[in-house]
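Listed below are the residues making up each chain.
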Amino acid sequence: MRRLSRRAFAVAAVSALTMAPRASSAPGRRDAGTSGAGADGKNAGTTAMRGMWLATVANRDWPSRPGLSAADQRGDLIRYLDTAVRYRLNTVFFQARPAADALWPSPYEPWSECLTGVQGRDPGWDPLGTAVAEAHARGLELHAWFNPYRVANHDDPSRLAASHPARKHPDWVVKYGGKLYYNPGLPEVRAFVQDAMFDAVRRYEVDGVHFDDYFYPYPVAGQSFDDASAYDTFGSGFGSRAAWRRDNIDRLVRETADRVRRVRPAAQFGISPFGVWRNADTDPRGSRTRAGVQTYDDLYADTRTWVREGWLDYIVPQLYWNIGLAAADYAELLPWWAATARDSRTRLYIGEALYKAGDKAQPAAWQEPGELSRHLALAEDHPEVRGHVFFGARDVAANPLGAMARVTADHYRQPVRPPRRAF
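Cut-offs used in this document
Residues numbered from 1 in each chain as written. Predicted model: local features only at pLDDT ≥ 70, side-chain atom pairs only at ≥ 80, totals over all residues. Heavy atoms only, no water. Helix = DSSP H or I, 4+ residues; strand = E, 2+ residues; numbered from the N terminus. Buried < 20%, exposed > 50% of the residue type's maximum accessible area, 1.4 Å probe, protein only. Areas by Shrake-Rupley, 256 points an atom, 1.4 Å probe, with all protein chains shown as cover. Core = buried A, V, L, I, M, F, W, Y, C linked by side-chain atoms within 4.5 Å. Contact = heavy atoms within 4.5 Å. Pairing = 2+ DSSP bridges. Axes fitted to C-alpha atoms, helices over the stretch in contact; angles between N-to-C directions. Salt bridge = Lys/Arg side-chain N within 4 Å of Asp/Glu carboxyl O. pLDDT = per-residue confidence, 0-100. Parallel < 35°, antiparallel > 145°, perpendicular 65-115°, else oblique. Left-handed = near helix turned anticlockwise from the far one by under 90°. Polar contact = N/O pair within 3.5 Å; in protein donor to acceptor, adjacent residues only side chain to side chain. Nonpolar A, V, L, I, M, F, W, Y, C, P; charged D, E, K, R; others polar.

Enquirer: Residues and numbers for the overall build of the protein chain, please.
Expert: Tallying secondary structure elements over the protein chain gives 14 helices and 11 strands in all. Counting over 423 residues, the protein chain shows a buried share of 61%. Carbon and sulfur atoms provide 47% of the accessible area of the protein chain, an area that totals close to 15400 Å².

Enquirer: Explain the nonpolar core residue by residue, including any values.
Expert: In this structure, Phe94, Phe146, Tyr182 and Phe390 are the most contacted members of the largest nonpolar core, which totals 124 residues. Top element by residues in this core is helix H6 (residues 187-203). It accounts for eight residues. Ignoring any residue separated from it by four or fewer positions in sequence, one finds Phe390 in contact with Gly51, Met52, Trp53, Leu89, Glu352, Leu354, Leu372, Leu376, Val396, Met404, Val407 and Tyr412.

Enquirer: Please set out the sheet that holds strand E4 (residues 150-152) residue by residue, giving values where relevant.
Expert: Sheet architecture is open: three strands sit in the order E4-E6-E5, paired in antiparallel fashion. The outermost strands of the open sheet, each flanked by one partner alone, are E4 and strand E5 (173-176). For this sheet, the mean inter-axis angle between neighbouring strands, taken without regard to orientation, is 35°. In this sheet, strand E6 (residues 179-182) lies alongside E5 in antiparallel orientation, the contact comprising four bridges. What sits directly across from Val173, in E6, is Tyr182.

Enquirer: Lay out the pattern of salt bridges with the relevant residues and their values.
Expert: All chains considered together, the criterion is met by 24 salt bridges. Measuring nitrogen to oxygen at the nearest pair gives 3.9 Å for the salt bridge that ties Arg261 to Asp313. Separated by 52 residues along the polypeptide, Arg261 in helix H8 (residues 241-263) and Asp313 in the loop between helix H10 (303-308) and strand E9 (314-315) bring together distant segments of the chain. Asp313 sits in the buried class, given a relative accessible area of 3%. Between Asp297 and Arg278 there is a salt bridge; the shortest N-O distance is 2.7 Å. Placement of the pair is Asp297 in helix H9 (residues 295-299) and Arg278 in the loop between strand E8 (268-271) and H9, with a sequence separation of 19 residues. When its relative accessible area of 24% is taken as the criterion, Asp297 is described as partly exposed. A relative accessible area of 13% means that Arg278 is categorised as buried. Each member of the salt-bridge network shares a partner with another, and the members are Arg74, Asp82, Glu134 and Arg138.

Enquirer: Give a detailed account of helix H14 (residues 403-411), specifying residues and quantitative values.
Expert: An α-helix turns once every 3.6 residues. As a result, residues three or four positions apart point the same way. Residues of H14 that are buried include every one of Ala403, Met404, Val407, Thr408, Asp410 and His411, and no others. Packing partners of the buried residues in H14 comprise strand E1 (49-54), helix H12 (371-379), strand E11 (385-391) and helix H13 (393-398).

Enquirer: I'd like a rundown of the confidence of the model for the protein chain, residues and numbers included.
Expert: Across the protein chain, pLDDT averages 91, with 89% of residues at or above 70. Here residues 1-44 is modelled with pLDDT under 50, and outside its nearest four sequence neighbours on either side it reaches 123 contacts, counting other chains as well.

Enquirer: Quick one: what's the story with the packing of H6 against H8, residue by residue and with numbers?
Expert: In the contact formed by H6 and H8, the axes pass within 11 Å of each other and the chain directions differ by 30°. By the angle between their axes, H6 is roughly parallel relative to H8. Along this stretch, H6 crosses H8, giving a crossing that reads as right-handed. Facing Arg190, Ala191, Val193, Gln194, Asp195, Phe198, Val201 and Arg202 of H6, the residues of H8 in contact are Asn248, Arg251, Leu252, Glu255, Thr256, Arg259, Val260 and Val263.

Enquirer: Outline the side chain of Arg97, supporting the account with residue identities and numerical values.
Expert: Relative to the helices and strands, Arg97 is located in strand E2 (residues 91-97). Note on Arg97: relative accessible area 0%, which makes it buried. Here Asn147 takes part through its backbone oxygen, which lies 2.5 Å from a polar atom of the side chain of Arg97.

Enquirer: Tell me about the packing of helix H2 (residues 70-86) against helix H4 (residues 127-137), and please be specific about residues and values.
Expert: Running from N to C, H2 and H4 point in directions that differ by 35°, and their axes come no closer than 10 Å. Of the two possible hands of crossing, H2 and H4 adopt the one that is right-handed. Of the residues in H4, those in contact with Arg74, Leu77, Ile78 and Leu81 of H2 are Pro127, Thr130, Ala131, Glu134 and Ala135. Residues belonging to the contact of H2 with H4 are distributed by class as follows: six nonpolar, one polar and two charged.

Enquirer: Provide a residue-level description of unusual backbone geometry, including the pertinent values.
Expert: The step from Trp62 to Pro63 runs through a cis peptide bond, and the omega angle for that step is -15°. Cis geometry is adopted by the peptide bond preceding Gly392, which originates at Phe391 and carries an omega value of -10°. When you line up the elements, Gly392 lands in the loop between E11 and H13. Located in the positive-phi region is Asn59, a residue other than glycine, with phi close to 55°. In this fold, Asn59 is placed in the loop between E1 and H2. Phi angles above zero are rare outside glycine, and Leu401 is one such case at about 60°. Examined against the element boundaries, Leu401 turns out to sit in the loop between H13 and H14.

Structure follows, in structure tokens:
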């Protein structure tokens, strides 16, 4: 079986879409500027996000396999950073806490098994500290990417390290869909996961704190997330369990934003959610999509409110679909997100599915080398879009179909600086 891709982490979300692609007719515009920044960096003082996600969960991008020597792991990590520079990217989103574990010497959680193959075993070096230092040495920013609530991609607590907090506090944990999750409805869990993450934020000069799309887990048919006891204890005053769940996630977002500003004021806080807030058939404020998953209803993540209220410094919706896809058309979602971000303090970057390029299981548009370049050309018509982030690092390095090289040639002719936090 193929190693997990970003969307394979949430395969139900994609399979639920009605896959009815239409041929893309949007032309790529050569030498066009990127999100108002100018492809050649000609506009003085302009900035743009040009990022890539470097995933460590299940050894998706790095390390290529567990158990490599510290020297080999370090060398491979540096090669990814050099790859980012080669394609004129300026930011790396490094997954430092993939599953309630750590890629730094944390006093809160065990070492990640992606390093040695054994959760809790010291790898003999500091990956996050090295990533920060080596990224900065190359002029790259480094955002520490954390997953707040995922504990394991299996549902057997005995497989966790003996010191794991989930074994010490089994009441914090919910089994769901063959996996283990911390219960977002418990205040002590919300406090703990923040403490665990902010140990890294205090120690290292990270340029950002980054969450992905996992809050409450993606729905699994025929199963329910068992948080009834927490709801009975903490849910009074809410009209429904769904409203209480959304409030739990809102609290995590607001508290994290406040803590970033107190602990590392120059750092930014951002989230990369699933790309559909709500379908217009569900809510007239939603997008003209027919997605099988809606973050508001299924993940209890009210991403639109986070943007409009300015809780985030940036948001990177994962618009992992091609132009012309009937169920979730990139050309429909891009302007919806632009309108959502308009007049807010939240910068809008777009998450791009480089991993789909050349994948024979994907629609015909993804067999065209210029599909992603057309995405960036389309974004030029929306000044709210301040850049793009590509998933994932191994795909940037592999450059499938020459798609990443095409993006660089068409849009990234000169380096630009990433946007700074707006104080």
